[in-house]
Amino acid sequence: MVVKVYGTVRSACVQRVLACLLEKEVDFDVVHVDLEAGEQKRPEFLVLQPFGQVPAIEDGYLKLYESRAIIKYYAAKYADHGPNLLGSSLEERALVDQWLEVEAHNFNDLVYTLVLQLVILPRMGKPGDLALAHSCEQKLETVLDVYEQRLSKSSYLAGETFSLADLSHLPGIRYLMNEAKMGNLVTERKNVNAWWEDISNRPAWKKLMQLAGH
Amino acid sequence: MATPVNVYGPAMSTAVSRVLACLLEKNVDFQLISVNMAKGEHKKPEYLKIQPFGQVPAFEDEDISLFESRSICRYICEKYADQGNKGLYGTNPLAKASIDQWLEAEGQSFSPPSSALVFQLAFAPRMKIKQDQVAIKQNEEKLSKVLDVYEKRLGETQFLAGDEFSLADLSHLPNAQYLVNATDRGELFTSRENVGRWWDEISSRDSWKKVVGMQQQKSA
């Protein structure tokens, strides 16, 4: 059964899901949603995702949205196939979950705001709020200092194995480095940089980058 | 008899109270250890050892030290699966997926505007910080749109993730409690028929009443 993923291959949240499906070797079809034309806000799409956002997935009778819920579902469903992205013991799983929450609540908002102000709005011909971007950058430096410390104690965020917690950061960091041109935030930190080099060279991520034309 | 688990932080913190509600639902004994945020205790080296971002709550039991309230809740549900409210995090993968979806909706769509409003309307006055009327208006509009989605959903199911109370509903209690009881924007919830019905049901659970009792004690 092929999983239908609604969205675009360039959306960060869609990439989070596709990276996971590629790691687990789950077949999928991307069903294109024209974000620029506002297709995600139309009634037909709201049936799938009532908040008007991508991604949403359809897998047989299952309909699901929120990228982090989707990746948890598939990582558990195919736990025995491909790399174990969830951790093996209750404690390991809790650490994976903890760092996934850190990504969602301490990391993502800052990166999203930075990219919106410095990249997306200017592309649309609108002025970005530079003061806001600068404030986010400073906060992000503090957050990444914590990551630097953490990654001095373990190879990956939740422990010694690559997990959903690391995977969840891939799209945002790529946007930060390649589009917002803030790669220094990563490269200036020895452990964060080594971690990024490792996780962004995984075959599944490279395959996704090809699909997305990056 | 199991050793009580430790939760660090004040009961009046929305994220701390999220964890307390879960522990009470699961009948897990706990000790609430105070962290004096007014004195900046949460930013001191001792505390940063257990929560490196300097936030509350932090959690410890004999096996693990954890932070991030939603992951603490999930851990408690998994570890104590067979006691208290057994269906809190679902009893099969599909139920769990739906709960995770609505937990994410809470974290990503409900929490940002509701947290901003709780801060501006309930906490800023107490802390003698000037309110930001622009932020209040913007976040009220955002929250209204989110609650419109909830209104439709709660016309289809009893609770957010399905017809049973779950961690997804529980996760909303802290912010909604402040908005309904400590600000004049409670009508965001009470004027919506299904959301109002849902709020009444989830907030009258024994576990939540106990948490509110703890919050009221501490602020004396």
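Before any of the text, the structure's been laid out above.
Everything numeric in this text was worked out from a predicted model, so none of it was measured. (Residues numbered from 1 in each chain as written. Chains lettered and ligands numbered in written order. Predicted model: local features only at pLDDT ≥ 70, side-chain atom pairs only at ≥ 80, totals over all residues. Heavy atoms only, no water.)

Colleague: I tried to follow the pattern of salt bridges on my own but got confused; where do I start?
Modeller: Two side chains carrying opposite charge are able to pair once their charged atoms lie near each other. Under the counting rule described, the total for this entry stands at 27 salt bridges over all chains. Here A:Arg174 and A:Glu179 are joined by a salt bridge, their closest N and O atoms 2.7 Å apart. With respect to class, A:Arg174 is no different from A:Glu179; both count as buried. The partner of B:Asp63 in a salt bridge is B:Lys79, and the shortest N-O contact between them spans 2.7 Å. Here B:Asp63 is found in the loop between β3 (58-60) and β4 (65-67), whereas its partner B:Lys79 is found in helix α3 (residues 69-79), with 16 residues between them in sequence. A relative accessible area of 43% places B:Asp63 in the partly exposed class. The class of B:Lys79 is partly exposed, set by a relative accessible area of 24%. (Salt bridge = Lys/Arg side-chain N within 4 Å of Asp/Glu carboxyl O. Buried < 20%, exposed > 50% of the residue type's maximum accessible area, 1.4 Å probe, protein only. Helix = DSSP H or I, 4+ residues; strand = E, 2+ residues; numbered from the N terminus.)

Colleague: For this particular structure, what's the right way to read the nonpolar core?
Modeller: A general feature of soluble globular proteins is that nonpolar side chains tend to end up buried together. Among the nonpolar cores identified, the biggest contains 141 residues, and A:Tyr147, B:Tyr150 and B:Leu167 are the most heavily contacted of them. Other than its neighbours up to four places away in sequence, B:Leu167 contacts B:Cys22, B:Cys73, B:Arg74, B:Cys77, B:Leu88, B:Tyr89, B:Ile99 and B:Leu103. (Core = buried A, V, L, I, M, F, W, Y, C linked by side-chain atoms within 4.5 Å. Contact = heavy atoms within 4.5 Å.)

Colleague: Help me understand the sheet that holds strand β2 (residues 28-32) of chain A, please; the structure alone is not making it clear to me.
Modeller: Note on sheets: strands pair through backbone hydrogen bonds, and any given pair is parallel or antiparallel. All names here are of chain A. Pairing within the open sheet is mixed, and its four strands lie in the order β2-β1-β3-β4. Looking along the sheet, the strands with just one partner apiece sit at the ends: β2 and β4 (62-65). Neighbour-to-neighbour, the strand axes of the sheet open up by a mean angle of 20°, direction not taken into account. Bridge count for strand β1 (residues 3-7) against β2 is five bridges, and the pairing is parallel. Across the sheet, Lys4 pairs through a bridge with Asp29, a residue of β2. Sheet strands touched by helix α3 (residues 67-77): β1, β3 (56-59) and β4. Its angle to β4, the strand with the most contacts, is close to 130°. (Pairing = 2+ DSSP bridges. Axes fitted to C-alpha atoms, helices over the stretch in contact; angles between N-to-C directions.)

Colleague: Just checking my understanding: could you explain the interface of chain A and chain B for this structure?
Modeller: In many reports, interface size means the accessible area that the parts give up when they come together. Facing the 29 residues of chain A at the interface are 30 residues of chain B. Taken over both partners, the interface formed by chain A and chain B buries close to 2,500 Å², and the fraction arising from carbon and sulfur atoms is 64%. Area buried by chain A at its contact with chain B is led by A:Phe51, A:Gln98 and A:Glu101, which between them contribute 21% of it. Across the contact surface, chain A and chain B share two salt bridges. Seen at the junction of chain A and chain B, the total is six residue pairs in polar contact (both at pLDDT 80 or more). Broken down by secondary-structure element, the contributors of at least two residues to the side of chain A that touches chain B are β4, α3, α4 (90-123) and α5 (130-150) of chain A. Examining the composition of the side of chain A that touches chain B, we find that 14 residues originate from one element, α4(A), more than from any other. (Buried area = accessible area lost by both parts, 1.4 Å probe. Polar contact = N/O pair within 3.5 Å; in protein donor to acceptor, adjacent residues only side chain to side chain.)

Colleague: Can you walk me through the packing of helix α1 (residues 12-23) of chain A against helix α7 (residues 170-179) of chain A in this structure?
Modeller: Relative placement of two packed helices is described by the angle separating their axes and the distance separating the axes. Residues and elements named next belong to chain A. Between α1 and α7, the shortest axis-to-axis distance is 8 Å and the interhelical angle comes to 130°. In terms of axis orientation, α1 runs oblique to α7. Of the residues in α7, those touching α1 at Ala12, Gln15 and Arg16 are Pro171, Arg174 and Tyr175. Each residue belonging to the contact of α1 with α7 can be placed in one class, and the counts come to three nonpolar, one polar and two charged. (Parallel < 35°, antiparallel > 145°, perpendicular 65-115°, else oblique. Nonpolar A, V, L, I, M, F, W, Y, C, P; charged D, E, K, R; others polar.)

Colleague: Is there a simple way to explain the packing of aromatic side chains in this structure?
Modeller: For any pair of aromatic rings, geometry is given as the distance between the ring centres together with the angle between the planes. Scanning all chains against the criterion turns up 21 aromatic pairs over all chains. When the ring of B:Phe123 is compared with that of B:Tyr178, the centres are 5.1 Å apart and the planes differ by 55°; the resulting orientation is tilted. One end of the pair, B:Phe123, is in helix α4 (residues 93-126); the other, B:Tyr178, is in helix α7 (residues 173-182), with 55 residues separating them in the sequence. Residue B:Tyr178 is classed as buried on the basis of its relative accessible area of 7%. Judged by centre distance (6.1 Å) and plane angle (85°), the rings of B:Tyr150 and B:Trp198 are edge-to-face. Of this pair, B:Tyr150 sits in helix α5 (residues 133-156) while B:Trp198 sits in helix α9 (residues 193-203), placing them 48 residues apart in sequence. Site record: aromatic cluster; members linked through ring pairs are A:Phe51, A:Tyr65, B:Trp102, B:Phe110, B:Tyr150, B:Phe189, B:Trp198 and B:Trp199. (Phe/Tyr/Trp six-rings, centres within 6.5 Å; stacked < 30°, edge-to-face > 60°.)

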